[in-house]
Amino acid sequence: MKASQFFIATLKEAPADAEVISHKLMLRAGLIKRLAGGIYTWMPLGLRILRKVENVVREEMNRAGAIELLMPAVVPAELWQETGRWDQYGPELLRFKDRHQRDFVIGPTHEEVIADVARREIKSYRQLPLHLYQIQTKFRDEIRPRFGVMRGREFLMKDGYSFHASYEDLQREYQNMHDTYSRIFTRLGLKFRAVAADTGSIGGTGSHEFHVLADSGEDAIAFCPDSGYAANVELAEAVAPAVARNGHTEHMLKVATPGKTRCEDVAELLRLPVTRTVKAIAVMHDEQFFLLLLRGDHSLNEVKASKLPFLNPFRFASDQEVEQHLGCRPGYIGPVGIGPGIAVVADRTVAQMSDFVCGANEAGYHLTGVNWSRDLREPDYVFDIRNVVEGDSSPDGRGRLELCRGIEVGHIFQLRSKYSEAMKATFLDESGQPRIMEMGCYGIGVTRIVGAAIEQNHDERGIIFPRNIAPFEVAIAPIGYGKSQSVRDAASALYAELLADGYDVLLDDRDERPGVMFADLELIGVPNRITIGERGLKEGVVEFQERRDMAAVKVPLAEIGAFVRDRLGA
RNA sequence: CGGGGUGUAGCGCAGCCCGGUAGCGCGCCUGGUUUGGGACCAGGAUGUCGGAGGUUCGAAUCCUCUCACCCCGACCA
């Protein structure tokens, strides 16, 4: 590609509304243009990158035995009503009516459509297993789109669905996809981790997420370097303390803590470690009032709490409700002296505590030296309802947990029969009996990968794309292209040679000043650059430079083609 | 949805408090000089000041409404 015949539109200053680095760099490099909140145009340069990611995904999916198809983005409501998700999905699902007032959605995912395909087409166990996938634009009306392409509303996704005659075969394909995803992200040049995950609204049993590791990631990941355990914090189990509850040593005492409504502040005032305090969170299920108890330095895991049958679903109690049930405004509430009608759910850690501090249900006061049984009844329920913290024991009992952040770029699920049952997707087995198909589903956020790759690979000059997704593998930067015949000849000859060798090469023939040219090539992330100038040509050399370490190597002009082949491989 | 903030040229911003009809940098156009790290000189184009209504002789500026965008949101302990 010649730069003069392409479209490069870089910016010196990033638009002010960009927050994370990948968003800023994508705007500055001219990869995307915002059209509306969470909706972007992929400019030619950005599209090259997106297509490369897409193609790696496609190649590996095909290699793994999946078959590509393309489903409509617009889906009739009846299919969604059939599985009940029309009512469950909420405002994230973009709904609209056609001219006949019939309801439609723009598909945020395609379980219903594929299950419809499967039930129409698959009649016999002989047709199984079958894995169909597509790479298609999705729309989810996110509450708060942000971070550019990382949480957009419209995005490109690879979604695959597999159908099986048995659970065992589903598990085989699940492992196949686990391996395939690992290969994909390896080929894309990303540092990633597969973690056990919650199944969320999709439903089903087993599930893994694939995260690109980056500090700006929206998800927290717990992992154990010793055992290899890894899970999304939403799911990671906080194991019960190994030690039994200590006997009490203090009397319960009411102490004045005016203005101290946070555990940290109370602990500081009382000169106690925050690990001696207990926080109470008031929640409602239907019209029933619950107190959730956590150690002062721990935080509630809403996903875990939601899974408790007697709390599903719950919401946080309003200030009025707190006052109505405890006779006290929020800030000083606690489990001591409450009515029998209020159920107390203690985190495992709290259930093991003794001589602790909690709110006195009286504004401006806390209680110290509180002990279970002696000062209040034992908790009604004891469950793991907190987020794990760094240093917790690994749930597999081997070592301690560490935390890091990740960007979710892939998610695989064992759906089992949730959709096939709702949509009556059956097949005839060997004995001629109808049976429900086992289903798996496997997603990759193609768009998001581009953002994630940049989060992980950039410096102060701009993007450093991994070679397999770079818009160009190598750029030729001729200095004085317009003036110097010898530079022009050398650049053109090299361009032709690299093209013939099959490289994705950019010849920057815009006749820009060197500073402009270098800055652009560095910003857009071209991983290799060959600089050709009269100065070097007089000595018969050109310069080869890698984007990542920037050390220039002088290479004789006659050998540069061979040098590139040696350096980049065929 | 609640809270906070911002809308002025393609991008980044000033002007707004103290009304007098718009400015800076980058980019863009023309000519010239330059050419190994975002050049220099000279000339030039570009704005319904997010939109609607109001106050006023006069509104980017004051008032009301609206739209768009950005940031934050269990921390009840």
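All values derive from a computational prediction rather than experimental measurement.

J.: Describe empty space enclosed by the protein, with residues and values.
T.: Following the criterion strictly, the structure yields 2 cavities of 30 Å³ or more and no others. Each pocket or cavity is described by its volume, and for the largest cavity that value is around 80 Å³. Considering the residues around the largest cavity, the lining is formed by Ala-475, Leu-521, Glu-522, Val-526, Asn-528, Arg-529, Gln-545, Glu-546, Arg-547 and Met-550. Of the residues belonging to the lining of the largest cavity, the class tally is 4 nonpolar, 2 polar and 4 charged. When its volume is computed, the second largest cavity comes out at roughly 60 Å³. Lining of the second largest cavity is provided by Phe-147, Met-150, Arg-151, Ser-216, Gly-217, Glu-218, Asp-219, Gly-406, Ile-407, Glu-408 and Arg-448. For the lining of the second largest cavity, the per-class residue count stands at 3 nonpolar, 3 polar and 5 charged.

J.: Give a detailed account of the protein's contact with RNA strand B, specifying residues and quantitative values.
T.: Looking at RNA strand B, there are 47 residues lining it, with Cys-263, Lys-279, Gly-331, Tyr-332 and His-366 nearest. Counting only atoms of RNA strand B within 4 Å of the protein, the sugar-phosphate share comes to 53%. In this structure, a phosphate oxygen belonging to RNA strand B sits 2.8 Å away from a main-chain N or O atom of Ala-16. Between Val-278 and RNA strand B, the recorded distance is 3.2 Å, taken from a backbone N or O atom to a sugar or linking oxygen. Elements with a contribution of two residues or more to the surface near RNA strand B: helix H7 (263-270), strand E14 (278-285), helix H14 (514-523), strand E29 (528-532), helix H15 (534-538) and strand E30 (541-546). By residue class, the composition of the surface near RNA strand B is 19 nonpolar, 10 polar and 18 charged.

J.: How would you explain the sheet that holds strand E16 (residues 315-316) if you had to name every residue and give the values?
T.: Strand order in the open sheet formed by 5 strands is E16-E14-E15-E17-E20, with mixed pairing between adjacent strands. Among the strands making up the open sheet, the edge pair consists of E16 and strand E20 (381-383). With 4 bridges connecting them, strand E15 (residues 288-295) and strand E17 (residues 343-347) associate as parallel partners. When the sheet's bridge partners are listed, Leu-293 is paired in E17 with Ala-346.

J.: Which residues make up the environment of His-251, and what values go with them?
T.: Among the secondary structure elements, His-251 is positioned in the loop between strand E12 (230-232) and strand E13 (253-256). Distance from His-251 to Lys-33, taken between C-alpha atoms, is 65 Å for residues 218 residues apart in sequence. In this structure His-251 touches Thr-368, Gly-369 and Arg-374, once residues within four positions along its chain are discounted.

J.: I'd love a proper account of the sheet that holds E30, names of residues and values included.
T.: With respect to topology, 5 strands assemble into an open sheet ordered E28-E27-E29-E30-E31, the strand pairing being mixed. With partners counted over all chains shown, the strands left at the sheet margins are strand E28 (505-507) and strand E31 (552-556), one partner each. Between one strand axis and the next, the sheet turns through 25° on average, direction left out of account. Alignment of strand E27 (residues 474-478) against E28, held across 3 bridges, turns out to be parallel. Note that in E28 the partner of Ala-475 across the bridge is Leu-506. With respect to the sheet, helix H13 (residues 485-500) is in contact with E27, E28 and E29, its orientation differing from that of E27 by roughly 170°. Sheet strands in contact with H14 are E27, E28 and E29, and its direction is about 170° off that of E27.

J.: Describe in detail the packing of aromatic side chains, supporting the description with residues and values.
T.: Following the criterion strictly, the structure yields 15 aromatic pairs and no others. Between Trp-80 and Tyr-89, the aromatic rings sit 5.3 Å apart at their centres with planes inclined by 90°, giving edge-to-face as the arrangement. An identical accessibility class is assigned to Trp-80 and Tyr-89; each is buried. For the ring pair Phe-310 and Phe-383, a centre distance of 6.0 Å and an interplane angle of 45° mean the geometry is tilted. Of the two residues, Phe-310 sits in the loop between helix H8 (302-307) and E16 while Phe-383 sits in strand E20, which places them 73 residues apart along the sequence. Following the ring pairs from residue to residue traces out a cluster consisting of Tyr-181, Phe-185, Phe-192 and Phe-210. A cation sits over an aromatic face here: Arg-48 above Phe-6, 5.8 Å from the ring centre.

J.: Describe the domain arrangement of chain A, listing the residues and the values that go with them.
T.: How big an interface is tends to be stated in terms of accessible area lost as the parts join. For chain A, the assigned domains are domain 1 (6-236 + 403-454), domain 2 (253-383) and domain 3 (472-568). Domain 1 and domain 3 are separated by 39 Å when their C-alpha centres are compared. With 10 residues of domain 1 at the contact, the number on the domain 3 side is 7 residues. In this assembly, domain 1 and domain 3 are joined by 2 salt bridges. Across the domain 1-domain 3 interface, the total number found is 3 residue pairs in polar contact (both at pLDDT 80 or more). Listed by contribution, the elements that provide at least two residues to the side of domain 1 that touches domain 3 are helix H1 (21-28) and helix H2 (44-63). Top element by residues in the side of domain 1 that touches domain 3 is H2. It accounts for 3 residues. Classifying every residue of the side of domain 1 that touches domain 3 by side-chain character gives 6 nonpolar, 1 polar and 3 charged.

J.: Tell me about the layout of surface pockets, residues and numbers included.
T.: One number sums up the size of the largest pocket: a volume of about 1300 Å³. Every residue lining the largest pocket is counted, 47 residues in all, and those nearest its centre are Glu-92, Arg-140, Glu-142, Arg-151 and Glu-408. Contributions of two or more residues to the lining of the largest pocket are made by helix H4 (85-88), strand E8 (154-164), strand E11 (219-223), strand E21 (402-416), strand E24 (438-445) and helix H12 (446-456). At 6 residues, E21 tops the list of elements feeding residues into the lining of the largest pocket. Looking at the lining of the largest pocket residue by residue, the class counts come to 16 nonpolar, 13 polar and 18 charged. Approximately 450 Å³ is the volume found for the second largest pocket. Pro-241, Val-243, Arg-295, Thr-349 and Gln-352 are the residues nearest the centre of the second largest pocket, which is lined by 20 residues in total. Per-class residue counts for the lining of the second largest pocket are 7 nonpolar, 8 polar and 5 charged.

J.: Mind laying out the side chain of Arg-295, listing which residues take part and the relevant values?
T.: Structurally, Arg-295 is set in strand E15. A polar side-chain atom of Arg-295 sits 2.7 Å from a polar atom in the side chain of Asp-297. Not counting residues within four places of it along the chain, the set of residues in contact with Arg-295 comprises Thr-275, Thr-277, Val-278, Lys-279, Thr-349, Val-350 and Met-353.

Calculation notes
Residues numbered from 1 in each chain as written. Chains lettered and ligands numbered in written order. Predicted model: local features only at pLDDT ≥ 70, side-chain atom pairs only at ≥ 80, totals over all residues. Heavy atoms only, no water. 1 Å grid on protein atoms, 1.4 Å probe; cavity = no way out; pocket = protein on both sides within 12 Å on 5 of 7 lines; lining within 4 Å. Points joined across faces, edges and corners; volume = space filled by probe spheres on them. Nonpolar A, V, L, I, M, F, W, Y, C, P; charged D, E, K, R; others polar. Near = heavy atom within 4 Å. Polar contact = N/O pair within 3.5 Å; in protein donor to acceptor, adjacent residues only side chain to side chain. Helix = DSSP H or I, 4+ residues; strand = E, 2+ residues; numbered from the N terminus. Pairing = 2+ DSSP bridges. Contact = heavy atoms within 4.5 Å. Axes fitted to C-alpha atoms, helices over the stretch in contact; angles between N-to-C directions. Phe/Tyr/Trp six-rings, centres within 6.5 Å; stacked < 30°, edge-to-face > 60°. Buried < 20%, exposed > 50% of the residue type's maximum accessible area, 1.4 Å probe, protein only. Lys NZ or Arg CZ within 6 Å of the ring centre and 35° of its normal. Domains from an automatic or database assignment. Salt bridge = Lys/Arg side-chain N within 4 Å of Asp/Glu carboxyl O.

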